[in-house]
Each structure stands twice: as C-alpha cells, then as structure tokens.
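As a plain string of letters, each chain reads:
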Amino acid sequence: MRLAVRVKDLVKRYKNFTAVRGISFEIREGEIFGLIGPNGAGKTTTLRIIATLLRPTSGEVSVFGYDITKDAEKIRALISYLPEEAGAYKDMTGIEYLKFMAEVYGVDDSSALDKAIEIADLGPDIYNKVGTYSKGMIRKLLLARALMTAPKLAILDEPTSGLDVINAVRIRNIIKNERNRGTTFLISSHNMLEVAYLCDRVAIIHKGRIFEIGSPEELMRKYDVDNLEEVFQRVVISVEE
Ligand code: ATP
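These notes cover the structure that comes with them.

1. Concerning a nonpolar patch on the surface
Stage number 1. A contiguous nonpolar surface patch, about 390 Å² in accessible area, is contributed by Tyr89, Phe100, Val104 and Tyr105.
Stage number 2. Tracing the chain through its elements places Tyr89 in the loop between strand 6 (79-82) and helix 3 (94-104).
Stage number 3. Judged by its relative accessible area of 46%, Tyr89 falls in the partly exposed class.

Shown next, in the form of structure tokens:
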C-alpha cells in the first residue's frame, strides 16, 4: 500500500493562536479521505498546508513521498486544490477560463478540455461571462478546473458547498469516478450524508486536534449510532465537556 499523504505531528500557529495542535494521519493512494469538524476546527488550515500554500509551524507533511517544505514544486505538479471560497476571472467566459487554465497547467490534451466542459455541465452558459454566473455555477466551473488535469491528489475544500442537491449528487459521482481512474481525494465537508457516501475514511478534527479516524461504518459501530452526524455530535460534545 502506497501513501498519498503523510501528516505527522503537524502544528500551525497564526501569531498567538494555535489553529492546528499536533495532528497526524495518513491517506492511502486511491482513497477518498474526509476531514470533518466544526467551524474553525482547522480543516482549511490543514488542507492549505498539504497543498503547499501555507507553511507549517512544525511537524512533517509529505505528499507521494515528497516533503512539502523541500519539494513543493514537485508536489504542485501532482495535485490540484479547490479553495473553499474562490472566484474565477469575471471577464472571461467559462470556456475561456477552462482553456486558459489548461494552458497554465500545461494540459495539451483536448480530451481533458472536453472532460472539463462535461464536468462543469454549464450547457450554453459556458459561453457566457463568469461575471454572470451564480455561486453554484462558479463552483462547478472551478471543480471542472480542479479535475481537468487528472491530478494524482485532489484537495477539495467543501466541494459541493452552494450546490443544489442535483448538482451535489452529480459532483459526488464524478469524484467517485475520478477516484476509480486513479485520483486520490482529500475533501472537507460539513455534509455528513455526503461524507458517509463518499469517504473511505474520515478524520474528525476539533479545536486543532484529531479525535477519531476510521471508516464511517467503523465510527458508527464504535458509537453505536446509525449515522455519521451523531458520531460527529458525540465527538464534539465529549470534547466540550
Ligand atoms: P470552517 O468550517 O469554518 O471553514 P475550518 O475548520 O476550515 O473552519 P480554519 O479556517 O482552518 O477552520 O481555521 C482554524 C482557526 O484558525 C480558526 O479559529 C480561524 O479563526 C483561525 N485562523 C485561520 N486563518 C487565520 C489567520 N490567517 N490568522 C489568524 N487566525 C486564523
């Protein structure tokens, strides 16, 4: 079994606030791994560190064996990152944006662009300016950009946030398909239904610490409940007490 991500004793301090307090976890190649936790738990911070966008205060993080501080460039060539809150160039049309991103990422395979157009699923709106898009339409365009490059690891911060149920289900199925084609996923989400459906394993993070790691089934069995939402609540409440 090869590891896609290895995080060991990771700490991140912002000035005098410690957002991540010594977390460790591993993601196996081919897994869909979910990082779940309440608001402010440290999810985005952790995702950004693994995506080489933020430097850790201490600890070790490697992606496909490359160290995030020493080999960031090598890692960037293998991953894609979808930020939680992101926009796209408003004056470009959707199709111009995807073509531009294909160039930026050195994708010269036209089938990759076709795939992105399919994932974006914007119909004729793909020829309209991004400035006219709704929040959900922008999210779909950005997801298409993130998956277009067939990354070895896709780090998606709340991939379906702002999407309606039909679109969210579509995106979940796309994530599963892409995993079957060889992409490893690290996602964060507040939607426990989504996490239970998608993720092979999850880590529950709260106040910068990880309290549980396991498959949704294992965690539900451990807490003797029949959904992940209850596991989540139990973990968070027990930490508060
Ligand atoms: P959410 O579910 O609300 O998106 P999250 O789990 O992604 O939350 P983070 O964005 O990682 O949480 O933030 C973790 C903590 O670190 C929060 O308390 C936040 O206020 C703090 N934090 C994040 N970025 C900074 C920063 N640049 N400077 C200071 N504190 C920060």
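Anyway, onward from the coordinates.
2. Some points on the sheet that holds strand 9 (residues 201-206)
Stage number 1. Read across the sheet, six strands follow the order 6-7-8-3-9-10 without closing on themselves; strand pairing throughout is mixed. Both outer strands of the open sheet, strand 6 and strand 10 (209-214), are each paired with one neighbouring strand and no more. Taken pair by pair, the neighbouring strands of this sheet meet at an average axis angle of 15°, ignoring direction.
Stage number 2. As judged from the four bridges shared by strand 3 (residues 32-36) and strand 9, these two strands associate in the parallel manner. What sits directly across from Ile36, in strand 9, is Ile204.
Stage number 3. Packed on one face of the sheet, helix 1 (residues 43-50) meets strand 3, strand 6, strand 7 (153-157), strand 8 (184-188) and strand 9 and runs near 155° to strand 7.
Stage number 4. Packing of helix 5 (residues 135-148) onto the sheet brings it into contact with strand 6, strand 7 and strand 8, and relative to strand 6 it is tilted by some 170°.

3. Here we look at the site of the ligand
Stage number 1. Gly40, Lys43, Thr44, Thr45 and His190 are the nearest of the 14 residues found near the ligand.
Stage number 2. Gly42 is positioned such that a nitrogen or oxygen atom in its backbone is 2.9 Å from an oxygen atom of the ligand.
Stage number 3. Between Lys43 and the ligand, the recorded distance is 2.8 Å, taken from a side-chain N or O atom to an oxygen atom.
Stage number 4. Protein burial of the ligand: of its 650 Å² of free accessible surface, 62% is covered by the chains.
Stage number 5. Contributions of two or more residues to the shell around the ligand are made by strand 2 (17-28) and helix 1.
Stage number 6. Sorting elements by how many residues they give to the shell around the ligand places helix 1 first, with three residues.

4. Some details on the packing of aromatic side chains
Two aromatic rings, taken as a pair, are described by how far apart their centres are and by the angle between their planes.
Stage number 1. This structure, assessed with the given rule, holds three aromatic pairs.
Stage number 2. Ring geometry for Tyr89 versus Tyr97: centroids 6.3 Å apart, planes at 45°, classification tilted.
Stage number 3. Connected via pairs of aromatic rings, a cluster forms that spans Tyr89, Tyr97 and Phe100.
Stage number 4. Positioned above the aromatic ring of Phe64 is the side chain of Lys152, whose terminal nitrogen or guanidinium carbon lies 4.7 Å from the ring centre.

5. A closer look at the packing of helix 4 (residues 110-120) against helix 5
Stage number 1. For the pair helix 4 and helix 5, interaxial distance at closest approach is 8 Å and the crossing angle is 150°. Classed by the angle they form, the pair helix 4 and helix 5 counts as roughly antiparallel. In this structure, helix 4 crosses over helix 5, and the sense of that crossing is right-handed. Mapping the contact onto sequence places Ala112, Lys115, Ala116, Ile119 and Ala120 in helix 4 and Lys140, Leu141, Leu143, Ala144, Leu147 and Met148 in helix 5.
Stage number 2. Taken together, the residues of the contact of helix 4 with helix 5 break down into nine nonpolar, no polar and two charged.

Rules used throughout
- Within every chain, residues take consecutive numbers counted from 1 along the sequence as written.
- Local features in a predicted model are, by the rule used here, given only for residues with pLDDT of at least 70; side-chain atom pairs are given and counted only at 80 or more, and totals for whole chains, interfaces and linings are based on all residues.
- For the side-chain quantities, the full set of heavy atoms in the structure was used; hydrogens and water were omitted.
- Patch construction takes residues with relative accessible area above 30% that form no salt bridge. Like charges are linked within 9 Å, and nonpolar side chains (Val, Leu, Ile, Met, Phe, Trp, Tyr) are linked within 5 Å.
- Computed by Shrake-Rupley with a 1.4 Å probe, the accessible areas treat only the displayed protein chains as cover when residues are assessed.
- The salt bridge definition used is simple: a Lys or Arg side-chain nitrogen within 4 Å of an Asp or Glu carboxyl oxygen.
- The helix and strand labels rest on DSSP assignments: H or I over at least four residues marks a helix, E over at least two residues marks a strand, and numbering proceeds from the N terminus.
- Each residue gets one of three labels from its accessible area relative to the maximum for its type: buried under 20%, exposed over 50%, partly exposed in between, using a 1.4 Å probe on protein chains only.
- For two strands to count as paired, DSSP must find a minimum of two bridges between them.
- Axes here mean lines fitted to C-alpha atoms, for a helix over just the part in contact, with angles spanning 0 to 180 degrees between N-to-C directions.
- Contacts between residues were defined by any pair of non-hydrogen atoms, one from each residue, lying within 4.5 Å.
- Consider each residue's heavy atoms; a residue with any of them within 4 Å of a molecule or strand counts as near.
- Residues adjacent in sequence count toward polar contacts only when both atoms are side-chain atoms; beyond that, a polar contact is any pair of N or O atoms within 3.5 Å, and within protein one must be able to donate a hydrogen and the other to accept it.
- Only Phe, Tyr and Trp rings take part, Trp by its six-membered ring, and two of them pair if their centres are within 6.5 Å. Stacked means planes under 30 degrees apart, edge-to-face means over 60, and tilted covers everything else.
- Any Lys NZ or Arg CZ found within 6 Å of a ring centre and within 35 degrees of that ring's normal is scored as a charge over the ring.
- Any angle that falls under 35 degrees is termed roughly parallel, while one over 145 is termed roughly antiparallel, one within 65 to 115 roughly perpendicular, and all others oblique.
- Here a crossing is taken to be left-handed if its near helix is turned anticlockwise relative to the far helix by less than a right angle, and right-handed if that turn runs clockwise.
- The residue classification treats Ala, Val, Leu, Ile, Met, Phe, Trp, Tyr, Cys and Pro as nonpolar and Asp, Glu, Lys and Arg as charged. All others, Gly included, are polar.

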